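# Results of the structural survey
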Amino acid sequence: MKRTQFLLTLLSAGTFALITLTSAGNLNDNGDTPYQVKTFSGKINAVRAETSGGSLTVEGGTDMNAKVEMYVRANNWNDKLSKDEIAERLKDYDITIAQEGSTIVATAKRKNNDWKRGLSISFKFYTPRNVSTDLRTSGGSIHMASLTGTQKFRTSGGSLNISDLEGDIDGQTSGGSIHMDRCRKDIDLQTSGGSIEAKESTGKMRLHTSGGSIRLSDVKGTIDAQTSGGSVNGEDIEGEIKAGTSGGSVRLANVAGSIDASTSAGGVDVSIAKLGEYVRLSTSAGSVRVKMPLDKGLTLNLSGNHIKIPLNNFSGDTDKDRIRGTLNGGGIPVTLSASSGSVYVNQ
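Our subject in this report is the structure included herewith. (Residues numbered from 1 in each chain as written. Predicted model: local features only at pLDDT ≥ 70, side-chain atom pairs only at ≥ 80, totals over all residues. Heavy atoms only, no water.)

This part takes up the overall build of the chain. Secondary structure summary: the chain contains 1 helix and 27 strands in total. Within the chain, the fraction of its 347 residues that count as buried is 47%. Long-range pairs, those at least 24 residues apart, make up 39% of the contacts in the chain between residues at least 6 apart in sequence. Looking at the chain as shown, the accessible area adds up to about 15500 Å², and 43% of this sits on carbon and sulfur atoms. (Helix = DSSP H or I, 4+ residues; strand = E, 2+ residues; numbered from the N terminus. Buried < 20%, exposed > 50% of the residue type's maximum accessible area, 1.4 Å probe, protein only. Contact = heavy atoms within 4.5 Å. Areas by Shrake-Rupley, 256 points an atom, 1.4 Å probe, with all protein chains shown as cover.)

Written out as structure tokens, the structure reads:
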């Protein structure tokens, strides 16, 4: 394979990049051959990237140097483009891959609206761990791993996949799913059209979707998990959790802490291993089932078509569809409500 290499000196003093262009007949057919590569030296603490038709990937944890790979495809992945065809179509784009101070910048912007000649241009970054990001793509997924700092990323047409991030994390997608694992600190993730999976993470989390389910596993902290179009499921949750859905059920196991769970279109099924400051479970279209310790001081407010709960050391009022009073002298407020179903405690 014939290859052409040349050195490009950047404006920033002391910084240089090595660019490698691949001159094979069909480029990047399998998505694993970069069309262009640049390496950068010096202090790197931020990445800024924008592309309209491809994915963005940032992998931290490398040495102090950084590398950027650019991948190019036809918008229709079934089309096979030669090097000359890609070079001709790239004339319709303004491409920037450069270092501005301590920030690596990579952008691909169209000069016109001829989408028949459109390309999918993706960037992949290899950086030190202590790097903040600002990423935007309107047509691809975003992958991020092994970074510490402020991370802000947006896509209109792909998924978000983040792993081992620590810091202020703010990510949004309008058309894909979200997968998160081993992330820490302040996390705000939102999608309008997909599911959310979060596992092995700690901190303050806001996880919202308008069109999919939410799955939680081994998460700790203050958690706000909301969906308008699916179920909320999880296990091994510690801290304070608020879980809500308008279109499915809520099922959470091995919860340690405070919990507020509600649904408008399904049941609520929760097991609590250790009580926190409160328990609030409600549904408008199903039943509430909860297993929880009853040896603490509890203040009960239960309502439903039918209620079943063992009442030892209880003081208060009981009826078929309502129970109000205290267990063991009162204490932690427990509010369970099923508008059109039953309430079961330790049954």
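This part takes up the packing of aromatic side chains. For any pair of aromatic rings, the description consists of the separation of the ring centres together with the inter-plane angle of the planes. Tallied over the entire structure, the rule returns 1 aromatic pair. Here F123 and F125 contribute two aromatic rings whose centre-to-centre distance is 6.5 Å and whose plane-to-plane angle is 45°, an arrangement assigned as tilted. Of the two residues, F123 and F125, both sit in the buried class. One cation-aromatic arrangement involves R280 over Y278; the distance from NZ or CZ to the ring centre is 4.0 Å. It is R289 that lies over the ring of Y344; its NZ or CZ is 4.1 Å from the centre. (Phe/Tyr/Trp six-rings, centres within 6.5 Å; stacked < 30°, edge-to-face > 60°. Lys NZ or Arg CZ within 6 Å of the ring centre and 35° of its normal.)

Overall, the coordinates contain 14 salt bridges when judged by the stated rule. A salt bridge links D181 to R182; its shortest N-O distance comes to 2.9 Å. For D181, a relative accessible area of 10% gives the class buried. Taking the shortest distance from any N to any O, the salt bridge between D260 and R280 comes out at 3.4 Å. A residue pair is termed long-range when its members are at least 10 positions apart, and D260 in strand 19 (residues 250-263) and R280 in strand 20 (residues 268-283) qualify at 20 residues. Taken together, the shared-partner salt bridges connect R129, D164, E166 and R184 into one network. (Salt bridge = Lys/Arg side-chain N within 4 Å of Asp/Glu carboxyl O.)

Another aspect to go through is the environment of A253. Relative to the elements of secondary structure, A253 occurs in strand 19. What makes A253 partly exposed here is its relative accessible area of 31%. Ignoring any residue separated from it by four or fewer positions in sequence, one finds A253 in contact with G234, E235, D236, I237 and S271.

Counting 80 residues, the largest nonpolar core has F123, L216, L252, I259, L281 and M292 as the members making the most contacts within it. Considering every element that reaches this core, the biggest residue donor is strand 20, with 6 residues. Excluding its chain neighbours within four sequence positions, the residues that come into contact with I259 are I241, L252, V270, I272, Y278, V279, R280 and L281. (Core = buried A, V, L, I, M, F, W, Y, C linked by side-chain atoms within 4.5 Å.)

Before going further, it helps to examine the pairing of strand 12 (residues 151-155). With respect to burial, strand 12 is a largely interior element, 4 of its 5 residues being buried. In this structure, strand 10 (residues 132-137) lies alongside strand 12, joined through 5 bridges in parallel fashion. Directly across from R136, in strand 12, lies its bridge partner R154. Direction of pairing for strand 12 relative to strand 13 (residues 160-173): parallel, over a ladder of 5 bridges. From the neighbouring strand, K152 faces strand 13, where its bridge partner is D170. (Pairing = 2+ DSSP bridges.)

Inspection of the secondary structure puts T133 in strand 10. For T133, a relative accessible area of 6% gives the class buried. A distance of 2.7 Å separates the side chain of T133 from the side chain of Q151, its partner in a polar contact. Among all residues touching T133, those that are not within four sequence positions of it are V47, V58, M144, L147, T150, Q151 and K152. (Polar contact = N/O pair within 3.5 Å; in protein donor to acceptor, adjacent residues only side chain to side chain.)

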